[in-house]
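The chain contents come next:
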Amino acid sequence: MQNRIKKFIEEKGISRYKFWQDTKLGRDTAYRLCNDPNYIPTGSVLDKICTTYRVQPGEFLLWLPDDEPSFEAMADSPIFETEEVRDINKHSRNQSTDQVGRVVLPFERKSA
């Protein structure tokens, strides 16, 4: 898990100081979130950020498996985002529905 607060505030044109003031977080917490992508905020900190900027946590948190490169290494790659979106769209188009209208997954269910 990584936080993308630095990128989030840069995209919104918000300084670290303004982020601290807006969210009313402790100074050390606010600046650490901006400076350390490996620092994961607590639930109450998440709530303050989401409430202040009216966003979901997914706007500034990212989960990466341990065996994949860090977000910073992937962030500048347009292929990363494009392929991810393309894969999601491909899977959603390939879904079919059963007679009741439920989504049928593209694999067979096997009993034990």
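Definitions and limits used
Residues numbered from 1 in each chain as written. Predicted model: local features only at pLDDT ≥ 70, side-chain atom pairs only at ≥ 80, totals over all residues. Heavy atoms only, no water. Core = buried A, V, L, I, M, F, W, Y, C linked by side-chain atoms within 4.5 Å. Buried < 20%, exposed > 50% of the residue type's maximum accessible area, 1.4 Å probe, protein only. Helix = DSSP H or I, 4+ residues; strand = E, 2+ residues; numbered from the N terminus. Contact = heavy atoms within 4.5 Å. Phe/Tyr/Trp six-rings, centres within 6.5 Å; stacked < 30°, edge-to-face > 60°. Polar contact = N/O pair within 3.5 Å; in protein donor to acceptor, adjacent residues only side chain to side chain. Axes fitted to C-alpha atoms, helices over the stretch in contact; angles between N-to-C directions. Parallel < 35°, antiparallel > 145°, perpendicular 65-115°, else oblique. Nonpolar A, V, L, I, M, F, W, Y, C, P; charged D, E, K, R; others polar. Patch = residues over 30% accessible without salt bridge, like charges linked within 9 Å, V, L, I, M, F, W, Y side chains within 5 Å. Areas by Shrake-Rupley, 256 points an atom, 1.4 Å probe, with all protein chains shown as cover. Salt bridge = Lys/Arg side-chain N within 4 Å of Asp/Glu carboxyl O.

Chemist: Quick rundown of the nonpolar core? Include the residues and the values.
Modeler: One broad rule of soluble globular proteins: the nonpolar side chains tend to lie buried together. Within the largest apolar cluster, 18 residues are counted, with the highest numbers of intra-cluster contacts made by I5, F19, L33, I49 and F60. Counting residues per element, this core draws most heavily on helix α4 (residues 43-53), which supplies 5 residues. With sequence-adjacent residues up to four places away left out, F60 is seen in contact with Q2, N3, R4, I5, F8, L46, I49, C50 and V55.

Chemist: Can you break down the packing of aromatic side chains residue by residue, with the values?
Modeler: Applying the stated criterion to the full structure yields 5 aromatic pairs. Judged by centre distance (5.7 Å) and plane angle (75 degrees), the rings of F8 and Y53 are edge-to-face. You can see F8 sitting in helix α1 (residues 5-12) and its partner Y53 sitting in helix α4, a full 45 residues away along the chain.

Chemist: How would you explain the side chain of T23 if you had to name every residue and give the values?
Modeler: Here T23 is to be found in helix α2 (residues 16-23). A polar side-chain atom of T23 sits 2.8 Å from the main-chain carbonyl oxygen of F19. Setting aside residues up to four positions removed in sequence, T23 forms contacts with K48, I49, T52 and Y53.

Chemist: For the packing of α2 against α4, give the residues involved together with the corresponding values.
Modeler: Where α2 contacts α4, the axes come no closer than 9 Å and their chain directions differ by 100 degrees. With respect to each other, α2 and α4 are oriented roughly perpendicular. Listed contacts from α4 to K18, F19, D22 and T23 of α2 are K48, I49, T52 and Y53. Its residues placed into classes, the contact of α2 with α4 shows 3 nonpolar, 2 polar and 3 charged.

Chemist: Help me get a handle on the environment of I49, residues and values and all.
Modeler: Turning to its location among the elements, I49 is positioned in helix α4. Since its relative accessible area comes to 0%, I49 is described here as buried. Considered as a pair, I49 and I5 are 44 residues apart in the sequence and their alpha carbons are 9.6 Å apart. If sequence neighbours within four positions are ignored, I49 has contacts with I5, F19, T23, L25, L33, R54, V55 and F60.

Chemist: Account for a nonpolar patch on the surface, naming residues and giving values.
Modeler: Side chains of M1, I40 and W63 sit close together on the surface and give an oily, nonpolar patch of about 340 Å² of accessible area. Inspection of the secondary structure assignment puts W63 in the loop between β2 (61-62) and α5 (71-75).

Chemist: Can you tell me about the pattern of salt bridges, naming the residues and giving the values?
Modeler: Side-chain pairing between opposite charges can occur once the charged atoms of the two side chains come close. Counted by the stated rule, this structure contains 3 salt bridges. In this structure, the salt-bridge partner of D28 is R27, at a minimum N-O distance of 3.5 Å. Each member of the pair, D28 together with R27, is exposed. D36 is paired through a salt bridge with R32; the nearest N and O atoms lie 3.7 Å apart. For D36, a relative accessible area of 24% corresponds to the partly exposed category. The class for R32 is partly exposed, based on a relative accessible area of 44%.

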